[in-house]
Amino acid sequence: MRAEIFLTDDYRPGDSEPFMNDRQLEYFRRKLLNWKAELLELSATTIEGLQDSGRNVPDIADRASEETDRALELRTRDRQRKLVAKIDSALRRIENGEYGYCEMTGEPISLRRLDARPTATMTLEAQERHERREKVHRDD
């Protein structure tokens, strides 16, 4: 069992401390857990909204509009589901001691990048190389 780590509300990881020390890991763990909780709450709200909107609308234009709204909600929910999976993966990397390091190069991912995108698995440079390679090899 992990010891409780105290973080002040204004704590932000800094370059002056050792990379991925216990405080930084706890900061990102909490950030990921809060983000996941928000997404799950939004998801529950979406499900309730979709269940409530299952009424029969006689006007064709209104029905089409409602179907478009429903399709958009479902796409949004699917994106949120994928994001929750990425958050879970990041939480596993924290537990395994792999969080914060690039999966391609093994180099540390910048704290600013992790703060902006806590699910990042590559350094900015590795991500750019990956995207360029993907663009070149993509079948259009």
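Data block above holds the structure.
Source: prediction; values computed, not measured. (Residues numbered from 1 in each chain as written. Predicted model: local features only at pLDDT ≥ 70, side-chain atom pairs only at ≥ 80, totals over all residues. Heavy atoms only, no water.)

Undergrad: Could you clarify how one ought to interpret the overall build of the chain in this entry?
TA: For the chain, the count of helices and strands is four helices and zero strands. Counting helices and strands in the order they occur from the N terminus, the chain gives α-α-α-α. In the chain, of all internal contacts separated by at least 6 residues, the share reaching a separation of at least 24 is 53%. If you sum the accessible surface of the chain, you get close to 10,300 Å²; carbon and sulfur atoms cover 50% of it. (Helix = DSSP H or I, 4+ residues; strand = E, 2+ residues; numbered from the N terminus. Contact = heavy atoms within 4.5 Å. Areas by Shrake-Rupley, 256 points an atom, 1.4 Å probe, with all protein chains shown as cover.)

Undergrad: I tried to follow unusual backbone geometry on my own but got confused; where do I start?
TA: Note: most peptide bonds trans; most residues except glycine with negative phi. Within the chain, Met 20 stands out as a residue other than glycine whose phi angle is a positive 55 degrees. Mapped onto the fold, Met 20 is located in the segment before helix 1 (22-52).

Undergrad: Which parts of the structure should I look at to understand the environment of Arg 112?
TA: Tracing the sequence through the fold places Arg 112 in helix 3 (residues 111-116). Looking at Arg 112, the relative accessible area reads 76%, which means it is exposed. The spatial distance from the C-alpha of Arg 112 to the C-alpha of Pro 13 is 8.7 Å, given a sequence separation of 99 residues. (Buried < 20%, exposed > 50% of the residue type's maximum accessible area, 1.4 Å probe, protein only.)

Undergrad: I'm lost on the pattern of salt bridges in this one. Help?
TA: Side chains that differ in sign of charge can pair as their charged atoms come close. Counted under the stated rule, the structure contains seven salt bridges. Across the pair Lys 31 and Asp 115 runs a salt bridge whose closest N-O atoms are separated by 2.7 Å. On the criterion of sequence distance, the pair formed by Lys 31 in helix 1 and Asp 115 in helix 3 is long-range, its members being 84 residues apart. Residues joined by salt bridges that share partners form a network here, namely Glu 4, Glu 26, Arg 29 and Arg 30. (Salt bridge = Lys/Arg side-chain N within 4 Å of Asp/Glu carboxyl O.)

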